[in-house]
Amino acid sequence: MDFELKALSAAAAAREKCDLLLVLVSEPAAPGTLGSDAIGALVAHALKQGDFALSVGKQLPMYQIPAIAARRVLLLGAGQGSAKEVRNALAGCAEVLKAKGVAKAVLSFAFEAEATAVSAAVQAIADACYVYTHTKPQAKPVKLQKVVVGVAAKTTAATSGFHTAVAQAEGVAMAREWANRPANHATPTLLADAAKAIVNAAKSTRMSCKIHGPAEVAKLGMGAFMAVAQGSREPLRLIELHYNGAAKNVAPIVLVGKGITFDTGGISLKPAAEMDEMKFDMGGAASVLGVFQSLARLQPAINVVGLIPACENMPDGAAVKPGDVVTSMSGQTIEILNTDAEGRLVLSDALSYAARFKPAALVDMATLTGACVVALGGLRSGLFSAHDELAQALQAAGDAALDPCWRMPLDDEYADGLKSNFADMGNVAGRAGGAVTAAKFLQKFVGDIPWAHLDIAGTAWKSGAAKGATGRPVGLLLQYLLAQQGKAVAPKKALGTRSPRHAAVPAVDAKA
Ligand code: BES
Ligand code: MN
Ligand code: ZN
C-alpha cells in the first residue's frame, strides 16, 4: 500500500478524484467551525438533521454527491479527535476499505489533527487492509493501493510522524504475517531465512545478521535452550540481527524475542483445545523481525541488536523430561519441573548471550504465561522491570503508540517458589502469580543490565472469529527505540561499567 501525505483543505479534498473519501469529523469541528465548502456544508446539514453524530463508531455513507469528486463518501465520527478515537473510527470501516471498487482512497480530517492522530490513522488503515494469503490462496488481497492522507499543513512534525507511521505499519504487517504462518510454514529455519531476507532487502551496511545452528549453540553452552529443542526434528536456530545507525562505541539496545514456533507443552503436554494457537508462540520473535523491518526503512541514529532463540517444544523419545536438570549458559543449573514452561528456558540463555553486547538496555518480548492473560487480558501487555527509568520509557512509548503495557511487581519474595532441592532453581513456582514468577526466573539471567520483560501472551494475537496476530508490540518498541536517539552515552572503558544511559523520558501525547 502506498501512503502519501498531502496538504489538503476540506475544499481541496472534495476535488480529489478517488474511489473513496473518508472524512473524519471530531467534536471540536462541530457546527459553526465547519467550513462553507461542499464537505463542511454536508456535515453540518447531516448533523442538524440528526442523520450523523460525532461519537466514534457513527458513520454516514454517501454516493456520487454533486460537488465532490470521490465516488463514495463516508463520514466518520471521531469523538474528540484523539489518536485512539481516530484509530477506532477507522478500524470500524474495514469493510469499506476492503471493498472491490476501492483502489484509491483519500482521508480528510475535518479538524486540526495532531501528529499522533495522523500516525494512528495510517496504522489503522494498514491494519484494516492486511489480508493473510500465504496458505489461503483464495483469500483476495485488498484492491486499495493508494491512500492520500490529507492534513491542514505538512509541518515537519506531521511529515516525520507520517514517515514513522508508514515504517511502523510495515513492521507491524511483517510481524503479523510471520506470527500468522502455521508452524510448518514458519519453522526456526524459515524464521532465520526471514531475518536474512530483511537484511538483504535493506541493502544497507548498517544491517547484518548471523544465524547460529545447533553446533554453535552447543559450543556456547546453552543447555537450557538445547533442552527445549531436543524433542523436535526441527533444528534450533539462534538468530542474531544487528542494526548500527550510531557510532560503534554507542551501547546498543538489545531486543530478545521468544521464538517457540510451536508449543505442544512437551512431555507436560497441553490439552488439545486451542492448541493450534501455540503457533503464535513466536510472537516475540515476530516483533523483533517487524522492528528490524521498520529500522531498515527509518535508519535512525541508534544501535540495536535483535536476538531470537527459535525452536519447537515437542514431546518425543528424546524430549527433556520433568525432573531433568540442565546447565544454562550462565552456569546456573535448572530443574525442569514442567516442560511447558519452555519460554523462560530458551530466553534465559538468550539473555545471558545478550550480555556480550554490553547493552544500554535489554528488553525481551515473550508470549510467556497464561497467567498474564488472566491478569491483563488482551488490552495491555505485562511490563516487568526493576529499572524505573526503563519501565517509564517503555510505558510511555506504549501509550504513545496505542500499544499499551502495564507495570507488574518484581518483589524478591516472588522468587521463593523457584527453589529446588536438585538444582540452582526450578523452572516453575506454582500457579499463584505465574506471570511474576516467570519474570523472576528471567531476572536471574540478566545480571545488572537495565532489563525489562514484556509478557505479550494476551496481546500478540486474537482468538475466536478474529483469530490472528496483532503485530504487537512492534509499535511500542519502535516508539521506544526512536525516543533513544541522541540519548546514548559512549560506554566507559573500565570493566564492569554500569550503564545508566537513559536520560529523562520525553513528554508524549497524554491523549494518545
Ligand atoms: N506459551 C505458553 C504461554 C501461553 C499460554 C500463552 C496460553 C498464551 C496462551 C507458555 O509456554 C506456557 O505454556 N506457560 C505455562 C507456564 C506454566 C507451566 C508455569 C502456562 O502459562 O500455563
Ligand atoms: Mn509452554
Ligand atoms: Zn510457550
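Preceding this section is the structure that the text describes.
This structure is a prediction, so every number in the text was calculated from the model and none was measured. (Residues numbered from 1 in each chain as written. Chains lettered and ligands numbered in written order. Predicted model: local features only at pLDDT ≥ 70, side-chain atom pairs only at ≥ 80, totals over all residues. Heavy atoms only, no water.)

(A) Here's a closer look at helix H11 (residues 343-354). When the terminal C-alpha atoms of H11 are compared, their 16 Å separation across 12 residues agrees well with the 16 Å that a helix rising 1.5 Å per residue should span. Within H11, 12 of the 12 residues are buried, leaving the element largely enclosed by the surrounding structure. (Helix = DSSP H or I, 4+ residues; strand = E, 2+ residues; numbered from the N terminus. Expected span 1.5 Å × (residues − 1). Buried < 20%, exposed > 50% of the residue type's maximum accessible area, 1.4 Å probe, protein only.)

(B) Fine view of the coordination of the zinc ion (ligand 3). Protein ligation of the zinc ion (ligand 3) involves Lys258 (NZ), Asp263 (OD), Asp281 (OD) and Glu342 (OE), the donor distances falling in the range 2.0 to 2.4 Å. Between the six donor atoms coordinating the zinc ion (ligand 3), the angles at the centre fall across 78 to 174°, so the site counts as octahedral. A separation of 3.2 Å is found between the zinc ion (ligand 3) and the manganese ion (ligand 2), which are bridged by Asp263. Residue Lys258 is found in the loop between strand E9 (253-257) and strand E10 (259-263), and its partner Glu342 is found in the loop between strand E13 (333-335) and H11; the two are separated by 84 residues along the sequence. Like Lys258, the residue Glu342 is buried in the burial classification. (Donors = N, O, S within 2.8 Å, 3.2 Å for Na, K, Ca; no water. Tetrahedral: all angles 85-135°; square planar, octahedral: opposite > 155°, others 65-115°.)

(C) Region of interest: the sheet that holds E13. As summarised here, the arrangement of the three strands in space is E12-E13-E17, forming an open sheet in which the pairing is mixed. Looking at the sheet topology across the chains shown, the edges are occupied by strand E12 (325-327) and strand E17 (425-426). As defined by bridge partners, E12 adjoins E13 across three bridges and the pair is classed as antiparallel. Bridging across to E13, Val325 finds its partner in Glu335. (Pairing = 2+ DSSP bridges.)

(D) Region of interest: the pairing of strand E8 (residues 237-244). The buried fraction of E8 amounts to seven of the eight residues, a majority that puts the element mostly inside the structure. The sheet contact formed by strand E7 (residues 207-212) and E8 spans six bridges and is antiparallel. The residue of E8 that forms the bridge with Lys210 is Glu240. Relative to strand E11 (residues 303-313), E8 is paired through eight bridges, and the arrangement is antiparallel. The residue bridging His242 from the neighbouring strand is Val305, located in E11.

(E) Molecular detail of the site of ligand 1. Among the 16 residues in the neighbourhood of ligand 1, the closest are listed as Asp263, Lys270, Asp340, Glu342 and Gly370. A distance of 3.3 Å separates a nitrogen atom of ligand 1 from a polar backbone atom of Thr367. Take Leu368: an N or O atom from its main chain is 3.4 Å from a nitrogen atom of ligand 1. Protein contacts shield 76% of the accessible area of ligand 1, which totals 510 Å² for the unbound molecule. Of the residues in the shell around ligand 1, the class split is five nonpolar, four polar and seven charged. (Near = heavy atom within 4 Å. Polar contact = N/O pair within 3.5 Å; in protein donor to acceptor, adjacent residues only side chain to side chain. Areas by Shrake-Rupley, 256 points an atom, 1.4 Å probe, with all protein chains shown as cover. Nonpolar A, V, L, I, M, F, W, Y, C, P; charged D, E, K, R; others polar.)

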